[in-house]
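Chain and residue survey
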Amino acid sequence: MKEYKRVVAITGVSRGLGRAMAEEFARLGHVVLGCGRSKREIEELQKELGAPHDFAIVDVASDEEVRRWAERVLKTHGAPQLLLNNAAMINRNARLWEVPAAEFSQVIDVNVKGVVNVIRHFVPAMLKAKEGVIVNFSSGWGRSTDAEVAPYCATKWAIEGLSQAMAQELPAGMAAAALNPGVINTGMLQSCFGKSASSYITPERWAKTAVPYLLRLGPADNGSQLTAP
Ligand SMILES: NC(=O)c1ccc[n+]([C@@H]2O[C@H](COP(=O)([O-])OP(=O)(O)OC[C@H]3O[C@@H](n4cnc5c(N)ncnc54)[C@H](OP(=O)(O)O)[C@@H]3O)[C@@H](O)[C@H]2O)c1
């Protein structure tokens, strides 16, 4: 894909990798459409980056909230050229049989159904525009496993599978792929790694190389298992 200015839709921009990517894409002159649930952080980001960037309070687990968000921003900004399904959560470290049913459901609802809700409401417009790359955030734990994060692993292995299957459905000129972003010191990493999370890179440093990498993705990457540099 050429290095032109893109409209980039990113879920989960209130903190972590999503926020760092939103700031870096905006700094490079691209237009960011972002969402998250935390009202204060979303409003702060809107104030910080301003128009034409657009940040909305949306729970990706709600198909109806995603539908309304997509309908509004597709009208104002057109179809995104890059759709980043970044929003996700991790279960509190626990053996699988100790994970409460409600927590297990929430991890599935956000990490799997949330991604599909976003695909459902954005991809038809991208198909009409006949271009675009969809990147579904996976994990090292979408290709390997560890104890105490089984629910999270299950969702990221699902992301790898649905991304590859979806890649077979897209017309030539478009791409869908799963991305392992690496290991970055965010709230999510602190939840599963504890104090040792602080020895990993910051989201801001990660975004400096990850964003140019994401901008270089194109049709040749369709169906790939990507890993951020
Ligand atoms: N950090 C790592 O080392 C690492 C490693 C491998 C993979 N990943 C993947 O990278 C992505 C980003 O992770 P991160 O480390 O940046 O996580 P994080 O710091 O916990 O941030 C997660 C983001 O997702 C948003 N989010 C969560 N549930 C949501 C929902 N229902 N609707 C809308 N937004 C929601 C959160 O905002 P709200 O709470 O405001 O909604 C937040 O902005 C995830 O897909 C994660 O699995 C991260």
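Before any of the text, the structure's been laid out above.
Keep in mind it's a predicted model, so treat the numbers as computed, not measured. (Residues numbered from 1 in each chain as written. Predicted model: local features only at pLDDT ≥ 70, side-chain atom pairs only at ≥ 80, totals over all residues. Heavy atoms only, no water.)

Observations concerning the pairing of strand 3 (residues 54-57)
- Relative to strand 3, strand 2 (residues 31-36) runs parallel, the two being bridged by four bridges. Considered in strand 3, the bridge of Gly 36 is made with Ile 57.
- Crossover handedness for the path strand 2 to helix 2 (residues 39-49) to strand 3: right-handed. (Pairing = 2+ DSSP bridges. Helix = DSSP H or I, 4+ residues; strand = E, 2+ residues; numbered from the N terminus. Right-handed = clockwise from strand over helix to strand, strands pointing away.)

Some remarks on the side chain of Asn 180
- Tracing the sequence through the fold places Asn 180 in strand 6 (residues 174-180).
- The buried category is assigned to Asn 180, whose relative accessible area is 12%.
- There is a polar contact of 3.2 Å between the side chain of Asn 180 and the backbone nitrogen of Gly 140.
- Those residues in contact with Asn 180 that sit more than four places away from it in its chain are Ser 138, Ser 139, Gly 140, Arg 143, Leu 226, Thr 227 and Ala 228. (Buried < 20%, exposed > 50% of the residue type's maximum accessible area, 1.4 Å probe, protein only. Polar contact = N/O pair within 3.5 Å; in protein donor to acceptor, adjacent residues only side chain to side chain. Contact = heavy atoms within 4.5 Å.)

Some words on the packing of aromatic side chains
- Using the criterion set out here, one finds four aromatic pairs in the structure.
- Aromatic side chains Phe 193 and Tyr 200 sit 5.7 Å apart centroid to centroid with 65° between the ring planes, which places their arrangement in the edge-to-face category.
- Among the aromatic residues, those joined into a ring-pair cluster are Trp 141, Tyr 152, Phe 193 and Tyr 200. (Phe/Tyr/Trp six-rings, centres within 6.5 Å; stacked < 30°, edge-to-face > 60°.)

Details of the pattern of salt bridges
- Counting across every chain of the model gives 16 salt bridges.
- With a closest N to O distance of 3.4 Å, Arg 40 and Glu 44 form a salt bridge. Linking Arg 40 with Glu 44, this pair stays in helix 2, spanning four residues, or about one helical turn.
- For Glu 44, a relative accessible area of 37% corresponds to the partly exposed category.
- Note that Arg 67 and Glu 64 form a salt bridge whose closest N and O atoms lie 2.9 Å from each other. Here Glu 64 and Arg 67 lie together in helix 3 (residues 63-77), a separation of three residues that amounts to about one turn.
- Each member of the salt-bridge network shares a partner with another, and the members are Glu 64, Arg 67, Arg 68 and Glu 71. (Salt bridge = Lys/Arg side-chain N within 4 Å of Asp/Glu carboxyl O.)

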